[in-house]
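Topology and contacts: notes
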Amino acid sequence: MSVVLGVDVGGTKVAVGPVDASGAILAPLLQEPSVVSDTESFVDGLVETLRGAIGQFGSFEPKAIGLACAGTVDEARRLVVTSPNLPLRRVPLAESLQASLGLQIVLENDANAALLAEATVGVAAGLRDVILLTLGTGVGGGILINGRLYRGVGGGAGELGHTVVCGGGELCRCGARGCLEMYASGRALARFADERAGSEVEDPDRVLARMSERHRLDGRTVGRLATRGYPGALSAARELAIWLGRGLVSLVNAFNPEMIVIGGGVADLGEILLEPARGYVREKAMSPNKDQVQIVQASLGNSAGMVGAGLVAWEVCG
Ligand SMILES: [Zn+2]
């Protein structure tokens, strides 16, 4: 059987699985913690994990490895230029791994990989003009134009989390103010909930206030409270949805996509998030763009980056 290994390299863990040419995962994943203290330890740890994976999935005889990571990937996908959560600055990661493992390595930005997966075996399967936003700790993005990922001249395209939605707004890690990431990420959801903590109407039994005092008010917790109907969390989610809508209006007007796929942990809010965001787009975006776009939740969850990394490896070696 012919497979490649798809690898999703995150700031806390690395997930590896055998992926066939259609994008199917053929065995339960291998997951190991990632080492992010410094570049050398990170690369050594990754080599170790991948050796383990090659052993574990050896019966499939993997022919190449596709690797998805956060950040900018360039020079025909051999080099990690920069990454927000990995100790990689202009690191020729593909060469290092290839020299150690003896298998062909292809790198891809994680949101690009997730988009390719959604447009091949996920909710956007078969569509050709698709935008993906991942709402997690940060906000990532990917652009598919006429069936192909758009990477830009230096591999840096798709930083849709850093489109400005609020002039003079919150200071972002990129140095600009008012980026979508500061208003539509898990951190933003926690901030919006924190602003409601202790309010008599929105936090009547002081659940948010108590969590805030214990520093336990994170995006995931607020998301869970919102899906259970807790008023302060629901109202925080709706505020985020309107900011997301502002970002979506720009994307709908600029790209006229047939679908925008929303993934990442914040997207687990489902219709609590999507319904008001769609309403905002219907009200503010231009025709015919706003009438032609579907705005939907991603379907592949945590496996999207890994499957997409596999598909990118297939593009190169298949
Ligand atoms: Zn920014």
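Above this text is the structure in question.
Scope of this entry: the structure provided in the associated data block. (Residues numbered from 1 in each chain as written. Predicted model: local features only at pLDDT ≥ 70, side-chain atom pairs only at ≥ 80, totals over all residues. Heavy atoms only, no water.)

**Some remarks on empty space enclosed by the protein**
Operational definition: Buriedness for pockets is judged along seven lines, at least five of which must meet protein on both sides within 12 Å for an open set on the 1 Å grid over protein atoms alone, while cavities are sets there where a 1.4 Å probe fits but cannot get out, and lining residues have an atom within 4 Å of a point. Grid points are joined across faces, edges and corners, and a volume is the space filled by probe spheres set on the points. Throughout, the ten residues Ala, Val, Leu, Ile, Met, Phe, Trp, Tyr, Cys and Pro are labelled nonpolar, Asp, Glu, Lys and Arg are labelled charged, and all others, Gly among them, are labelled polar.
Tallied over the entire structure, the rule returns one cavity of 30 Å³ or more. Considered as a void within the structure, the largest cavity measures approximately 30 Å³ in volume. Forming the boundary of the largest cavity are Val14, Pro33, Ser34, Val35, Phe42, Gly45, Leu46 and Thr49. By residue class, the composition of the lining of the largest cavity is five nonpolar, three polar and no charged.

**As for the pattern of salt bridges**
Cut-off, in case you're wondering: Any Lys or Arg side-chain nitrogen located within 4 Å of an Asp or Glu carboxyl oxygen qualifies as a salt bridge. A run of DSSP states H or I qualifies as a helix once it reaches four residues; a run of E qualifies as a strand once it reaches two. Both are numbered from the N-terminal end. Only protein chains enter the accessibility calculation, which uses a 1.4 Å probe. A residue is then buried if its area is under 20% of the maximum for its type, exposed if over 50%, and partly exposed in between.
Summed over all chains, the structure comprises nine salt bridges. Between Arg196 and Glu239 there is a salt bridge whose closest N-O contact spans 3.0 Å. Remark: Glu239 occurs in helix H8 (residues 231–255) and Arg196 occurs in helix H5 (residues 186–196); sequence separation between them is 43 residues. The partly exposed category is assigned to Glu239, whose relative accessible area is 24%. Where Glu283 meets Lys284, a salt bridge forms, and the shortest distance between an N and an O atom there is 3.9 Å. With relative accessibility at 58%, the residue Glu283 sits in the exposed group. Linked by salt bridges that have partners in common, Arg196, Glu202 and Glu239 make up one network.

**Concerning the sheet that holds strand E7 (residues 89–91)**
To keep it simple, the criterion reads: We treat two strands as partners when DSSP finds at least two bridges between them. Between N-to-C directions, angles cover 0 to 180 degrees, with each direction set by a line fitted to C-alpha atoms, over the stretch in contact for helices.
One open sheet holds the three strands; their spatial order is E5-E6-E7, and the pairing between them is antiparallel. A strand with exactly one partner marks an edge of an open sheet, and here the two such strands are strand E5 (72–74) and E7. This sheet shows a mean twist of 25° between the axes of neighbouring strands, independent of strand direction.

**Concerning the environment of Ala114**
Stated precisely, the cut-off is as follows: Note on contacts: a residue pair is in contact if any heavy atoms of the two residues lie within 4.5 Å.
With respect to the helices, strands and loops of the structure, Ala114 is situated in helix H3 (residues 110–121). When sequence neighbours within four positions are dropped, the list of residues in contact with Ala114 reads Leu132, Ala304 and Gly305.

**Description of the nonpolar core**
A general trend in soluble globular proteins is that nonpolar side chains are found buried together. Quick reminder of the rule: By nonpolar core we mean a set of buried residues, namely Ala, Val, Leu, Ile, Met, Phe, Trp, Tyr and Cys, connected to one another through side-chain atoms within 4.5 Å.
Formed by 50 residues in total, the largest nonpolar core has its most connected members in Leu133, Leu135, Leu248, Ile260, Ile262 and Leu273. In contact with Ile260, not counting residues within four places along its chain, are Ile131, Leu248, Leu251, Val252, Val293, Gln294, Ile295 and Val296. Counting residues in each nonpolar core, the second largest holds 31 residues, with Val3, Phe57, Ala94 and Ile105 among its members.

**What to know about the sheet that holds strand E3 (residues 30–33)**
Ordered by their spatial adjacency, five strands build an open sheet running E3-E2-E1-E4-E8, and the pairing between neighbours is mixed. At either margin of the open sheet sits one strand with a lone partner, and together these are E3 and strand E8 (104–109). Averaged over all neighbouring strand pairs, the angle between strand axes comes to 20°, with direction disregarded. Relative to strand E4 (residues 64–69), strand E1 (residues 4–9) runs parallel, the two sharing five bridges. Bridging across to E4, Gly6 finds its partner in Gly66. Strands E4 and E8 of the sheet are contacted by H3, whose axis makes an angle of about 95° with E8.

**Focus on H3**
Because each turn of an α-helix spans 3.6 residues, side chains separated by three or four positions end up pointing in the same direction. This is how it is decided: The length a helix should cover is 1.5 Å for every residue beyond the first. Here a polar contact is taken to be a pair of N or O atoms separated by no more than 3.5 Å, where protein atoms must pair a possible hydrogen donor with a possible acceptor and residues adjacent in sequence count only if both atoms sit in side chains.
With twelve residues, H3 extends 16 Å from end C-alpha to end C-alpha; this agrees with the ideal 16 Å at 1.5 Å per step. Counting buried residues along H3, nine of its twelve residues qualify, which places the element largely inside the surrounding structure. For H3, the set of buried residues is Ala111, Asn112, Ala113, Ala114, Leu115, Leu116, Ala117, Glu118 and Ala119. Structurally, the start of H3 carries an N-cap: the backbone nitrogen of Ala111 is 2.9 Å from a side-chain oxygen of Asn109.

**Brief notes about the coordination of the zinc ion**
Six octahedral donors around a metal ideally sit at 90 or 180 degrees from one another, while four tetrahedral donors ideally sit at 109.5 degrees. Convention followed: Each metal's donors are the N, O and S atoms found within 2.8 Å of it, except that Na, K and Ca use a 3.2 Å limit; water is left out, so coordination can look incomplete. Here the metal geometry follows the donor angles, with tetrahedral for four donors whose angles all fall between 85 and 135 degrees, square planar for four and octahedral for six when opposite donors are more than 155 degrees apart and every other angle is between 65 and 115, and irregular for all the rest.
Taken together, the protein ligands of the zinc ion are His162 (ND1), Cys172 (SG), Cys174 (SG) and Cys179 (SG), with distances of 2.0 to 2.4 Å. Around the zinc ion, the four donor atoms sit at angles spanning 104 to 121°, and that spread fits a shape best called tetrahedral. Each donor residue of the zinc ion lies on one chain, and together they are spaced H-x9-C-x1-C-x4-C. Of the two residues, His162 is situated in the loop between strand E11 (148–149) and helix H4 (181–184) and Cys172 in the loop between E11 and H4; the sequence distance between them amounts to ten residues.

**Some remarks on the side chain of Arg77**
For clarity, the cut-off: When charges are counted, Lys and Arg contribute as positive and Asp and Glu as negative, whereas His and the chain ends are disregarded.
In this structure, Arg77 sits in the loop between E5 and strand E6 (79–82). Despite its burial, Arg77 remains without a salt bridge, the nearest opposite charge being carried by Glu108 at 4.3 Å. Setting aside its immediate chain neighbours within four residues, Arg77 contacts Ala94, Val106, Leu107, Glu108, Arg151, Val312 and Glu315.

**Things to note about a nonpolar patch on the surface**
Just so we agree on the cut-off: Each patch is assembled from residues with relative accessible area greater than 30% and no salt bridge, linking like charges that lie within 9 Å and nonpolar side chains (Val, Leu, Ile, Met, Phe, Trp, Tyr) that lie within 5 Å. For accessible areas, the Shrake-Rupley method is used with a probe of radius 1.4 Å. Any residue's cover is judged against the shown protein chains and nothing else.
Taken together, the side chains of Ile145, Tyr150 and Phe255 present a nonpolar region at the surface, about 270 Å² in accessible area. Within the secondary structure, Ile145 sits in strand E10 (residues 139–145).

**Some words on the packing of H8 against helix H9 (residues 271–284)**
Quick reminder of the rule: Orientation categories follow fixed angle ranges, with anything under 35 degrees roughly parallel, anything over 145 roughly antiparallel, 65 to 115 roughly perpendicular, and all other angles oblique. A crossing counts as left-handed when the near helix is turned anticlockwise from the far one by less than a right angle, and as right-handed when that turn is clockwise.
The interhelical angle for the contact between H8 and H9, taken along N-to-C directions, is 40°, at an axis separation of 7 Å. As far as their axial angle goes, H9 and H8 are oblique. In this structure, H8 crosses over H9, and the sense of that crossing is right-handed. Of the residues in H9, those touching H8 at Leu234, Ala237, Leu240, Ala241, Ile242, Leu244, Gly245, Arg246, Leu248, Val249 and Val252 are Ile272, Leu273, Pro276, Ala277, Tyr280, Val281 and Lys284.

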